[in-house]
Amino acid sequence: MTRVVRFHEYGEPEVLRIDDIEVPVPAADEVQIAVRAIGLNRAEVMFRRHAYLQEAEFPSMLGYEAAGTVKAFGSDVSGFAEGDAVSVIPTLDMARWGTYGEVINVPARHVVRHPPNLSFEKAAASWMQYVTAWGALIEQARLSAGDFVIVSAASSSVGIAAFQIARSVGATVIATTRTSAKTEGLHKAGAHYVIATAEEDLSARVKEITGGKGARVVFDPIGGPAVAQLAECMAVGGVLLEYGALSPEEGSFPQFAVLGKSLTLKGYLYTETVSDHAALERAKTFILEGLQSGALDPLISRTFTFDQIQVATHFLESNEQIGKVVVTLD
């Protein structure tokens, strides 16, 4: 029997239960992993609350990220050996291939042998954030040296990943956060500039920082009224990539800014990268090179044990952290 985290109804972290189940042998295209660490994501919070793109079928597993060692693999899988240190790129179905467990099965195309300089904790904290940020900033926005990029809700793991990816190509990062409480931490995490939107005039500060040009790229998970505010901060021909909907409010369409500056506003999901074989291979190459060189270095806010999964999830939802929340297993 194997311990896995499941939920039997939608709700708060208290609905998460550790159940004992039989994990089947891996399918022909799957790798079975003995898990050493799990990375937690806000997508899993939304899934558990019935606010995600996917519906749960109870009892449901959950989880997108993990790292551990290869335990077994299916008949169609090559390139892996028992005992290999590997990590998981988020799949397209977290209920079917949930990662919150001591032993998990994952499709082989979503399993990566990570660099030996990476701990299991950091490996489990890598792929959701870097694939999401890479797909938006590099694949779609073509971020490059000399660009300014606004990263909003910047203290999240994806926000920190965006800092590192932007810096690796020579772009300048403008991070936004609600208050100045996290300013020092965001500077330490790699932001060139930090704007506290509840205390400063966002548009005026961006104009000052960019010499009046505005930011060519915006990477935003908030949506709602913030979209119109961000559009005012953008350069002519700029691209705004909306990868979340943290705001519960509807926002007005910023038609004058969009028309006047020829802006592109696009919804973006990490699935655009992981469902495209060629794009996923490009992402793997970029991210693995960055992890190997140290240009990409996952920032872990705090670790918890597997038995503390409810506490760890509460901490994730508190928004007190800068970086990733990780659960470790013995």
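Keep in mind the model is a prediction, meaning the values are calculated, not measured. (Residues numbered from 1 in each chain as written. Predicted model: local features only at pLDDT ≥ 70, side-chain atom pairs only at ≥ 80, totals over all residues. Heavy atoms only, no water.)

Asker: So what exactly am I meant to see when it comes to the nonpolar core here?
Answerer: It is characteristic of soluble globular proteins that their nonpolar side chains tend to be buried jointly. In this structure, I33, L40, F163 and F219 are the most contacted members of the largest nonpolar core, which totals 88 residues. At 9 residues, the largest contribution of residues to this core is made by helix α3 (residues 127-140). Look past the residues within four positions of F163 in its chain and what remains in contact with it is V151, A154, V173, A175, L186, A189, G190 and A191. In this structure, I150, I174, I209 and V218 belong to the second largest nonpolar core, which totals 18 residues. (Core = buried A, V, L, I, M, F, W, Y, C linked by side-chain atoms within 4.5 Å. Buried < 20%, exposed > 50% of the residue type's maximum accessible area, 1.4 Å probe, protein only. Helix = DSSP H or I, 4+ residues; strand = E, 2+ residues; numbered from the N terminus. Contact = heavy atoms within 4.5 Å.)

Asker: Sorry if this is basic, but what is going on with the pattern of salt bridges here?
Answerer: Once the charged atoms of two side chains with opposite charge are near each other, the side chains can pair. The final tally for this structure, using the stated rule, is 17 salt bridges. We note a salt bridge from R282 to E139, for which the minimum N-O separation is 2.4 Å. Of the two residues, R282 sits in helix α10 (residues 277-293) while E139 sits in helix α3, which places them 143 residues apart along the sequence. What makes R282 partly exposed here is its relative accessible area of 40%. E208 is the salt-bridge partner of R205, the closest N and O atoms lying 3.4 Å from each other. Residue R205 and its partner E208 are located together in helix α6 (residues 202-209), separated by 3 residues, close to a single helical turn. (Salt bridge = Lys/Arg side-chain N within 4 Å of Asp/Glu carboxyl O.)

Asker: Explain the sheet that holds strand β4 (residues 60-61) to me, please; I cannot follow it from the model alone.
Answerer: Backbone-to-backbone hydrogen bonds pair the strands of a sheet. The strands run either parallel or antiparallel. Spatial strand order, β2-β1-β4: 3 strands in an open sheet with antiparallel pairing. Where the open sheet ends on each side, the last strands, each with one partner, are β2 (16-21) and β4. Where strand β1 (residues 2-7) lies against β2, 6 bridges are found, and the strand directions are antiparallel. Directly across from R6, in β2, lies its bridge partner R17. (Pairing = 2+ DSSP bridges.)

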